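Structural overview for review
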Amino acid sequence: MRNRLPDARARQGWSQQRLADEVGVSRQTIISVEKGRYDPSLPLAFRLAGAFGCRIEELFEPDEE
Amino acid sequence: MTRPMDGPMPRRTRWGRARHGGGTATLWLGVGSIGLALAAGLGGVLAWTSDPGVRGVAFVVGVVVTLPVACAIGWVLLVDRGTISGAVERPDESIEGVWYERAASGALPDVFMTAGLGGAALAITGWEVPAGAVLIALAVLIAADVAVRYLVQRRAEA
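By the naming in an unreviewed UniProt entry, chain B is Membrane protein, taken from Brooklawnia cerclae.

The name given to chain A in an unreviewed UniProt entry is Transcriptional regulator, and the organism recorded there is Brooklawnia cerclae.

Here it is as structure tokens:
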């Protein structure tokens, strides 16, 4: 799953730690999600989208086969 | 904001605060009480199973040896983890939780294989090994296996 987390974070001017604190997970989790190594659970994806005030599909999209 | 509860966050400290309220001193009083009670119980068991001439020494050794672990158990039981600095709100959704689950599930086949091969080796050779030693060795092996698998994943994905 691809994501636009780094862009959204940069627009907010947030560090990875700040985003991690906002959604209640570790900074390593944010790093792994941004690198595409960890697909977040649906509740976490909702919280990430909520933190940026956008919809999930604006933040995440499936890999093209 | 996505936090489940609004309002001021509790002040966080290195060792946290007790679930039932109070400051750090209250927490440590409870931890010490639980730790001493547990350690005294274990020391008592050790003394009871020892020779009558060394029961006093066995009790003291049992208390001293088990006190750190007993206090750690007391801390886990009493602390409000939301008040520990650096603790994440949702560890189950963090990547560390996923690493642990993978490490634990990966260790299971290792345990089956080790126990099976070890049992076969003992049956064939006829060696007589104390059951306690075998169980302790197996527990250490499982812990080491999970730890190594966890660290390998963390290193690979960091």
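Okay, back to it.
1. Some points on the nonpolar core
If you look at the biggest cluster of nonpolar residues, it comprises 26 residues, and the most contacted ones within it are Leu19, Val23, Leu48 and Leu59 of chain A. Those elements giving two or more residues to this core turn out to be helix H1 (5-12), helix H2 (16-23), helix H3 (27-34), helix H4 (42-52) and helix H5 (56-59) of chain A together with helix H3 (95-125) and helix H4 (131-157) of chain B. Not counting the four nearest positions on each side in its chain, Leu19 of chain A is found in contact with Leu5, Arg9, Trp14, Ile30, Leu48, Ala51 and Phe52 of chain A.

2. Re the packing of H1 of chain A against H4 of chain A
Residues and elements named next belong to chain A. With their axes 10 Å apart at the nearest point, H1 and H4 run at an angle of 30° to one another. The crossing of H1 and H4 is left-handed. Residues Leu5, Ala8, Arg9 and Gln12 of H1 pack against Leu48, Ala51 and Phe52 of H4. For the contact of H1 with H4, the residue count by class is five nonpolar, one polar and one charged.

3. Regarding the packing of aromatic side chains
Residues and elements named next belong to chain B. Under the counting rule described, the total for this entry stands at four aromatic pairs over all chains. An angle of 85° between the planes, with centres 5.8 Å apart, marks the rings of Trp99 and Tyr150 as edge-to-face. Taken as a pair, Trp99 in helix H3 and Tyr150 in helix H4 lie far apart in primary sequence, 51 residues in all. Three or more aromatic residues link up through ring pairs in this structure, and these residues are Trp15, Trp28 and Trp75.

4. Looking at the packing of H3 of chain B against H4 of chain B
Relative orientation and spacing of two packed helices are given, respectively, by the angle between their axes and the distance between those axes. Residues and elements named next belong to chain B. At their nearest, the axes of H3 and H4 sit 8 Å apart, and the two run at 135° to each other. It follows that H3 is oblique to H4 by the angle criterion. Of the two elements, H3 crosses H4, and the hand of that crossing is right-handed. Residues Ile95, Glu96, Trp99, Tyr100, Arg102, Ala103, Ala104, Gly106, Ala107, Asp110, Val111 and Thr114 of H3 lie in contact with H4, whose contacting residues are Leu141, Ile142, Asp145, Val146, Arg149, Tyr150, Gln153, Arg154 and Glu157.

5. Concerning the pattern of salt bridges
For the structure shown, the criterion picks out nine salt bridges over all chains. A salt bridge links Glu34 of chain A to Arg9 of chain A; its shortest N-O distance comes to 2.5 Å. Taken together, the residues Glu34 of chain A in helix H3 and Arg9 of chain A in helix H1 connect sequence positions 25 residues apart. Each member of the pair, Glu34 of chain A as well as Arg9 of chain A, is classed as buried. For Arg90 of chain B, the salt bridge is made with Glu89 of chain B, and the minimal N-O distance between the two is 3.8 Å. Under the relative-accessibility criterion, Glu89 of chain B is labelled partly exposed at 28%. One network of salt bridges, in which partners are shared, links Arg2, Arg4 and Glu61 of chain A.

6. Here we look at the side chain of Asn3 of chain A
Residue and element names in this part refer to chain A. In this fold, Asn3 is placed in strand E1 (residues 2-3). Assessed through its relative accessible area of 18%, Asn3 is described here as buried. Among the polar contacts made by the side chain of Asn3, one reaches the main-chain amide nitrogen of Leu5 at a distance of 3.0 Å. In this structure the side chain of Asn3 is engaged in a polar contact, spanning 2.8 Å, whose partner is the backbone oxygen of Val33.

7. Some words on the UniProt feature "transmembrane region" (unreviewed entry) in chain B
Residue and element names in this part refer to chain B. Under the UniProt annotation, "transmembrane region" (unreviewed entry) lies at residues 21-48, 54-78, 107-127 and 133-152. The straight-line gap between the two end C-alpha atoms of residues 54-78 is 35 Å; of that span, 96% is helix and 0% is strand. Between the C-alpha atoms that bound residues 133-152 there is a distance of 28 Å. The span itself is 100% helix and 0% strand.

Basis of the calculations
- Residues numbered from 1 in each chain as written.
- Chains lettered and ligands numbered in written order.
- Predicted model: local features only at pLDDT ≥ 70, side-chain atom pairs only at ≥ 80, totals over all residues.
- Heavy atoms only, no water.
- Core = buried A, V, L, I, M, F, W, Y, C linked by side-chain atoms within 4.5 Å.
- Buried < 20%, exposed > 50% of the residue type's maximum accessible area, 1.4 Å probe, protein only.
- Helix = DSSP H or I, 4+ residues; strand = E, 2+ residues; numbered from the N terminus.
- Contact = heavy atoms within 4.5 Å.
- Axes fitted to C-alpha atoms, helices over the stretch in contact; angles between N-to-C directions.
- Left-handed = near helix turned anticlockwise from the far one by under 90°.
- Nonpolar A, V, L, I, M, F, W, Y, C, P; charged D, E, K, R; others polar.
- Phe/Tyr/Trp six-rings, centres within 6.5 Å; stacked < 30°, edge-to-face > 60°.
- Parallel < 35°, antiparallel > 145°, perpendicular 65-115°, else oblique.
- Salt bridge = Lys/Arg side-chain N within 4 Å of Asp/Glu carboxyl O.
- Polar contact = N/O pair within 3.5 Å; in protein donor to acceptor, adjacent residues only side chain to side chain.
- UniProt positions renumbered as here; feature names shortened; annotations may be inferred.

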